[in-house]
Amino acid sequence: MVVREVPGAAYRLAEAFWPGPLTLILPRSKTVADSVCAGLDTASVRMPSHPVALAVIRAAGVPLAAPSANLSGSPSTTAADVLADMEGKIPLILDGGACSVGVESTVISLAGAQPVLLRPGYITKEQLEDAMGCAVALSDAVLHKLKDGESAASPGMKYKHYAPKADVTILKGSFDAYKEYMKSHCADGVYALCFTGEEPALPCPCVTYGRAVKTDEQAHALFSALRELDARGAKTVFARCPAQEGVAMAVYNRLLRAAAFRVVEV
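Now for a description of the structure that goes with this document.

Calculation notes
Residues numbered from 1 in each chain as written. Predicted model: local features only at pLDDT ≥ 70, side-chain atom pairs only at ≥ 80, totals over all residues. Heavy atoms only, no water. Buried < 20%, exposed > 50% of the residue type's maximum accessible area, 1.4 Å probe, protein only. Helix = DSSP H or I, 4+ residues; strand = E, 2+ residues; numbered from the N terminus. Pairing = 2+ DSSP bridges. Patch = residues over 30% accessible without salt bridge, like charges linked within 9 Å, V, L, I, M, F, W, Y side chains within 5 Å. Areas by Shrake-Rupley, 256 points an atom, 1.4 Å probe, with all protein chains shown as cover. Salt bridge = Lys/Arg side-chain N within 4 Å of Asp/Glu carboxyl O. Phe/Tyr/Trp six-rings, centres within 6.5 Å; stacked < 30°, edge-to-face > 60°. Lys NZ or Arg CZ within 6 Å of the ring centre and 35° of its normal. Disulfide = S-S within 2.5 Å. Axes fitted to C-alpha atoms, helices over the stretch in contact; angles between N-to-C directions. Contact = heavy atoms within 4.5 Å.

1. Some remarks on the pairing of strand β3 (residues 106–109)
As a general feature of sheets, a regular strand has side chains that alternate between the two faces.
Here comes step 1: Of the two faces of β3, the one carrying T106 and I108 and the one carrying V107 and S109 are both buried.
Here comes step 2: Inspection of the sheet shows strand β1 (residues 22–27) paired to β3 by four bridges, in the parallel sense. From the neighbouring strand, T23 faces β3, where its bridge partner is V107.
Here comes step 3: Relative to strand β4 (residues 116–119), β3 runs antiparallel, the two sharing three bridges. Bridged to V107 within β4 is R119.
Here comes step 4: Connecting β3 to the next strand, β4, in antiparallel fashion are six residues.

If you want it as structure tokens, here you go:
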């Protein structure tokens, strides 16, 4: 057994969302090595939906310890991304195509008295609450960096975990205000990370990450956009701020870490 106990809430979530992009954090069994769980007393458990991943699990016949297929701070959504970062470090890559969601799984802890959302994802806080019939607390680390000396309860909670090579700043405000800010800050190596369709109105080179009203597009495109900024040699990036509810919370969470929590009101 990977975990010591499985509460009723875990069964309800598994029935509603597995296989799929949801990770459950539960009290781990002593059979799981410390190195697999970063020395924590919990284990992160997920059942993926991709047929290739499921085939590997079935062939193995045992639970697999599977970290994300990327270097820390270097997001990947395709096999080509993984090869660029990991060539020579791993023996092989199984190419199952591009990630269907884009951002990583939703992570919820069921190890305490109240369910806590540690990492937002495609499965939203509201959907989790509907499935369990109870409130879900939002970890402070979703929207704020960890305090000095504070341990991360889940992957993706670390300061600047998702980041391109460029310095990223999120600009929070209207598109008109964003456009004026870009006009006064445009220079060599400066890029706009904006919503699809906004490029013609902006004075700087642009990389887009989905339409403003399509949060699923933003979740799917964000990491590819960050890698494209690296490929173009961007030095400074000013990002349009997404919403902060539903799937957009996941996008905002990843952008905050890409920006090392630099947010400017415009």
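After that view, the rundown keeps rolling.
2. Digging into a nonpolar patch on the surface
Here comes step 1: Together, V52, V56, V62, L64, L92 and L94 make up an exposed nonpolar region whose accessible area comes to about 510 Å².
Here comes step 2: Mapped onto the fold, V62 is located in the loop between α2 (51–60) and α3 (79–86).

3. A short note on the packing of aromatic side chains
Here comes step 1: Within this structure, the stated rule accounts for three aromatic pairs.
Here comes step 2: Ring centres 6.4 Å apart and planes at 25 degrees place the aromatic pair F175 and Y178 in the stacked group. Within this pair, F175 and its partner Y178 are both found in helix α5 (residues 175–185), separated by three residues, close to a single helical turn.
Here comes step 3: Overall, Y178 belongs to the buried group, its relative accessible area being 1%.
Here comes step 4: A cation sits over an aromatic face here: R240 above Y178, 5.6 Å from the ring centre.

4. As for the pattern of salt bridges
Here comes step 1: All told, the structure shown has 12 salt bridges when counted by the stated rule.
Here comes step 2: Overlapping salt bridges bring together D81, D85 and R227 as one network.

5. Re the state of the cysteines
Disulfide: a covalent bond formed between the sulfur atoms of two cysteine residues.
Here comes step 1: One pass over the full model with this rule turns up one disulfide.
Here comes step 2: Paired by a disulfide, C186 and C204 hold their sulfur atoms 2.3 Å apart. Linking C186 in the loop between α5 and β7 (190–194) with C204 in the loop between β7 and β8 (206–208), this pair joins segments that are 18 residues apart in sequence.
Here comes step 3: When its relative accessible area of 35% is taken as the criterion, C186 is described as partly exposed.
Here comes step 4: A relative accessible area of 6% means that C204 is categorised as buried.
Here comes step 5: Not part of a disulfide, C206 finds its nearest cysteine sulfur in C194, a span of 4.2 Å.

6. What about the pairing of β1?
Here comes step 1: The buried fraction of β1 is high, at six of six residues.
Here comes step 2: Relative to strand β2 (residues 42–46), β1 runs antiparallel, the two sharing five bridges. Directly across from L26, in β2, lies its bridge partner A43.

7. Digging into the sheet that holds strand β6 (residues 167–172)
Here comes step 1: One open sheet accounts for five strands, arranged β8-β7-β9-β6-β10; its pairing is parallel. Edge positions in the sheet fall to β8 and β10 (263–265), since each of these pairs with one other strand and no more. If you compare each strand with its neighbour and ignore which way they point, the axes differ by 25 degrees on average.
Here comes step 2: Bridge count for β7 against β8 is three bridges, and the pairing is parallel. The residue bridging C194 from the neighbouring strand is T208, located in β8.
Here comes step 3: Helix α6 (residues 215–231) rests against β7, β8 and β9 (236–240) of the sheet, and its axis sits at about 170 degrees to β7.

8. Description of the environment of V101
Here comes step 1: Within the secondary structure layout, V101 lies in the loop between α3 and β3.
Here comes step 2: In this structure V101 comes out as buried when scored by relative accessible area, which is 16%.
Here comes step 3: Spatially, the C-alpha atoms of V101 and A84 are 21 Å apart, while their sequence positions differ by 17 residues.
Here comes step 4: The residues touching V101, leaving out its near neighbours within four places in the chain, are P21, Y122, A219 and H220.

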